[in-house]
Amino acid sequence: MRKLILFSSLGILCLVAEVRAQLPKGTRYWGATITSNGEATTQKSNAYKADAKLANIYPSLRTGWVFKENTMFGIDLSPSISLSRTKNDFSGTESKYKYEGLAVNLTPYLRKYKPLSPKWLLYVHSGVSLSYVRTKNTGDEESRIKNGYGAGINIVPGVAYRLTPRFWIESDVSVFNLNLSYVNFNDSNNINFGTGLRSEIQQYFTLRAAWYIQKSN
């Protein structure tokens, strides 16, 4: 009976240890995501016609290193690209306008994990971002280029699910996020404070493919 109790206790301890699986020191992390949106519109009247096209692309690449159990330091590179084209025709007189916008964000970050099970992890992701902004407006064969820069602090929670020992799917839960940013652009200064409250539910979550590569013994 004592042996049965002893082995049962060891089995329970093993299960508990498995349920609370940790993210060990030395694990390397790679994460990537890309989102985009766009639209095309046409307006017509008797003497007027306008065609407009808009596209936005948001790629992101992250790398990190678990420097102590369940705590990661890393860097996020996240460009933002915006392109738009407009063509107006008024009584046979045509005009064209083009916009190109680029923002490059570099964000050192710290991420703290809370294991829930062998497959589920919660995390809090906090980072300090530095940004470079460039826009180019072209109309009537004349181009106007503007440059700027920015800085910000962002805190957002998230959840990670393990599909294989190395491949995970992550989602930032932006409904709870907090951010503070400063932007200097075109001789103007702007300070913005925001939370995750948005008007559309699909804006709350960002899916990301991630690879957690543990060092071999």
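The structure presented is a predicted model; accordingly, all values stated were derived computationally and were not measured. (Residues numbered from 1 in each chain as written. Predicted model: local features only at pLDDT ≥ 70, side-chain atom pairs only at ≥ 80, totals over all residues. Heavy atoms only, no water.)

Participant: Please clarify how the overall build of the protein chain should be interpreted in this entry.
Facilitator: Across its full length, the protein chain holds one helix and 10 strands. In the protein chain, the order of α-helices and β-strands from amino to carboxyl end is α-β-β-β-β-β-β-β-β-β-β. The burial tally for the protein chain puts 28% of its 217 residues in the buried class. By sequence separation, contacts in the protein chain at least 24 residues apart represent 60% of the contacts at least 6 residues apart. (Helix = DSSP H or I, 4+ residues; strand = E, 2+ residues; numbered from the N terminus. Buried < 20%, exposed > 50% of the residue type's maximum accessible area, 1.4 Å probe, protein only. Contact = heavy atoms within 4.5 Å.)

Participant: Before we go on, may I ask you to explain a positive patch on the surface in this structure?
Facilitator: A contiguous patch of positive charge, built from Lys44, Lys49, Lys53 and Lys87, is present on the exposed surface. Its location among the elements puts Lys44 in strand 1 (residues 28-44). (Patch = residues over 30% accessible without salt bridge, like charges linked within 9 Å, V, L, I, M, F, W, Y side chains within 5 Å. Areas by Shrake-Rupley, 256 points an atom, 1.4 Å probe, with all protein chains shown as cover. Salt bridge = Lys/Arg side-chain N within 4 Å of Asp/Glu carboxyl O. Lys, Arg positive; Asp, Glu negative; His and termini not counted. Charge placed at Lys NZ, Arg CZ, Asp CG, Glu CD.)

Participant: Explain the pattern of salt bridges here, please?
Facilitator: As a working rule, side chains carrying opposite charge can pair if their charged atoms are close by. Counted under the stated rule, the structure contains seven salt bridges. Measuring nitrogen to oxygen at the nearest pair gives 2.8 Å for the salt bridge that ties Asp172 to Arg208. Of this pair, Asp172 sits in strand 7 (residues 167-173) while Arg208 sits in strand 10 (residues 205-213); the two residues are 36 residues apart in sequence, bridging distant segments of the chain. No difference in accessibility class separates Asp172 from Arg208, as the two residues are buried. Where salt bridges share partners, they join Arg62, Asp76, Arg111, Glu170, Asp172 and Arg208 into one cluster.

Participant: Explanation requested: the nonpolar core in the structure shown.
Facilitator: Nonpolar side chains in soluble globular proteins tend to end up buried together. Membership of the largest hydrophobic core is limited to 12 residues, which are Leu23, Tyr29, Val66, Met72, Tyr109, Tyr113, Leu121, Tyr123, Ala160, Trp168, Ala210 and Tyr212. Only strand 4 (93-115), strand 5 (120-139) and strand 10 provide two or more residues apiece to this core. (Core = buried A, V, L, I, M, F, W, Y, C linked by side-chain atoms within 4.5 Å.)

Participant: What is the right way to look at a nonpolar patch on the surface in this model?
Facilitator: A contiguous nonpolar surface patch, about 640 Å² in accessible area, is contributed by Phe73, Ile75, Leu77, Leu102, Val104, Leu106, Leu110 and Tyr132. Elements with a minimum of two residues in the nonpolar patch: strand 3 (71-90) and strand 4. Top contributing element to the nonpolar patch by residue count: strand 4, with four residues. In this structure, Leu102 sits in strand 4.

Participant: What am I meant to see in the environment of Arg28 here?
Facilitator: Mapped onto the fold, Arg28 is located in strand 1. Here Arg28 falls in the partly exposed class, since its relative accessible area comes to 37%. In this structure the C-alpha to C-alpha distance between Arg28 and Gly64, which are 36 residues apart in sequence, comes to 6.0 Å. The contacts of Arg28, once residues within four sequence positions are left out, are Thr63, Gly64, Trp65, Trp211, Tyr212 and Ile213.

Participant: Even after reading the chapter, I still don't get the environment of Gly92, so can you show me in this structure?
Facilitator: Counting through the fold element by element, Gly92 comes out in the loop between strand 3 and strand 4. For Gly92, a relative accessible area of 65% corresponds to the exposed category. Spatially, the C-alpha atom of Gly92 lies 8.1 Å from that of Ala47, the residues being 45 residues apart in sequence.

All we've got here are geometric facts, nothing functional implied.
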